[in-house]
Amino acid sequence: MESTEQPRSISGSMQSPRSPSSQPYLSVSVSDPVKLGNGVQSYISYRVITKTNFPDYQGPEKIVIRRYSDFVWLRDRLFEKYKGIFIPPLPEKSAVEKFRFSAEFIEMRRAALDIFVNRIALHPELKQSEDLRTFLQADEETMERFRFQETGIFTKKPADLMQMFRDVQSKVSDAVLGKEKPVEETTPEYEKLKHYIFELENHLAEAQKHAYRLVKRHRELGQSLLDFGKAVKLLGACEGEPTGKAFSDLGSKSELLSIKLQKEAQQVLMNFEEPLKDYVRYVQSIKATIAERGTAFRQHCELAETTKLKEINLDKLMLTRSDKVGEAEIEYREIKAESEEATERFGRIVKRMEEEIVRFQEQKTEEMGVAFHQFAKGQARLANSIADAWRSLLPKLEASSSV
């Protein structure tokens with residue numbers, strides 16, 4: 001079923017359509033984080049609200065409670081089932097213990113999980129996933145049972161996927177050292193894609209590093225202004241009028257600007273640094289898909305080669321009228337079927353990735369454009385506020401200095 005994509009905010013949440021009954025829509029929000037449990041068993045639960053008119057959903061609105069591991073379950077299932085699609089990334093699994101349940105960390109994770117599930121809900125293939133429907137509708141007991149159910153291929157974790165990618169890199173290194181000759185795809189289009197992804201990761205990581213420093217600088221400057229304001233107020237208390245009053249005003253203005261800087265630091269963190277960090281994670285997810293493509297290509301080549309060898313062996317046996325012809329024919333048909341399936345699987349991955357990279361670039365351009373625009377507006381607003389604040393003090397300070 002095709003769905004009309006709804007407008008999204010920078011947080012990733014979709015806005016409700018004006019006439020939900022006339023167009024297919026799927027809107028999801030992650031909200032109300034609550035800490036549950038004690039000690040090492042403690043975790044954060046989230047309220048996931050789904051609004052839709054899709055006929056294969058239980059109703060127009062459904063509210064379920066989910067924890068982080070439920071989101072991990074969804075991502076792992078999608079990664080296994082939709083080879084070649086860039087599955088949206090999740091925020092990091094763990095954090096420093098003293099920060100893990102801080103209000104700031106909880107809000108950053110909530111926002112990242114909201115973006116994650118909405119990207120899936122907006123994707124033309126992923127939004128039709130049975131696992132997505134389970135995630136959005138199953139009660140907590142059923143979801144827990146699914147989460148802990150061992151089903152073989154679905155036990156692979158993101159860390160394993162990144163290890164898989166490192167293994168691919170290791171095989172390339174072995175080839176350079178002459179240890180083995182890897183079977184690698186070398187088409188110009190594929191090489192261009194890999195180069196783009198690696199370059200993008202480096203540039204995003206560098207930008208995110210400097211955004212982090214900017215947040216830190218705003219916070220440090222805000223704290224310095226707060227301390228300075230308190231010190232100037234105490235100094236003003238030792239002075240007579242009008243100097244004392246001018247110093248007191250200077251201290252109050254410094255404290256006010258300190259609050260503004262702290263608020264702007266939080267805005268830069270949530271609306272600028274976090275989107276950059278999110279795209280660093282996104283690129284890592286794409287690299288895992290690239291690793292899967294490499295595996296599929298090697299399987300395709302190895303099975304094609306094995307099929308040729310089986311065919312040659314069968315021809316020899318037929319020429320010699322060997323009594324092993326029947327057994328060889330069965331082996332040949334089986335390996336040929338496997339080879340054809342591997343070729344089709346690799347072809348699907350290639351086609352999907354061609355579509356996915358276009359979608360990813362369009363999405364990145366839009367979302368990064370919003371993030372940079374918000375950042376520039378915030379910095380301009382802060383600079384004007386600081387200038388106006390200091391400018392308003394000049395007459396008082398000039399008057400006190402001329403007494």
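Worth saying up front: this structure is predicted, and the values here are computed from it rather than measured.

Details of the pairing of strand E2 (residues 43-52)
Of all ten residues in E2, seven are buried, a share of seventy percent or more. In this structure, the hairpin formed by strand E1 (residues 26-36) and E2 is closed by a connection of six residues, where Gly37 is found at a positive phi of approximately 80°. Bridge count for E2 against strand E3 (residues 61-67) is seven bridges, and the pairing is antiparallel. From the neighbouring strand, Ser45 faces E3, where its bridge partner is Arg67.

What about the nonpolar core?
The biggest cluster of nonpolar side chains holds 33 residues, and the ones touching the most others in it are Phe86, Ile197, Leu204, Ile286 and Phe360. For this core, the secondary structure elements donating two or more residues are helix H3 (103-122), helix H7 (188-237), helix H8 (243-319) and helix H9 (325-401). The greatest single-element share of this core, amounting to 14 residues, is contributed by H8. Excluding anything up to four places from it in sequence, Phe360 contacts Phe86, Tyr196, Leu200, Tyr279, Tyr282, Val283 and Ile286. Of all hydrophobic cores here, the second largest spans 32 residues; its members include Leu26, Leu74, Ile106 and Met143.

Focus on the side chain of Glu201
Position of Glu201 relative to the elements: it lies in helix H7. You can call Glu201 buried: its relative accessible area is 13%. Here Lys287 takes part through its side chain, which lies 2.9 Å from a polar atom of the side chain of Glu201. Among all residues touching Glu201, those that are not within four sequence positions of it are Val283, Gln284 and Lys287.

Scoring rules and cut-offs
- Residues numbered from 1 in each chain as written.
- Predicted model: local features only at pLDDT ≥ 70, side-chain atom pairs only at ≥ 80, totals over all residues.
- Heavy atoms only, no water.
- Buried < 20%, exposed > 50% of the residue type's maximum accessible area, 1.4 Å probe, protein only.
- Helix = DSSP H or I, 4+ residues; strand = E, 2+ residues; numbered from the N terminus.
- Pairing = 2+ DSSP bridges.
- Core = buried A, V, L, I, M, F, W, Y, C linked by side-chain atoms within 4.5 Å.
- Contact = heavy atoms within 4.5 Å.
- Polar contact = N/O pair within 3.5 Å; in protein donor to acceptor, adjacent residues only side chain to side chain.

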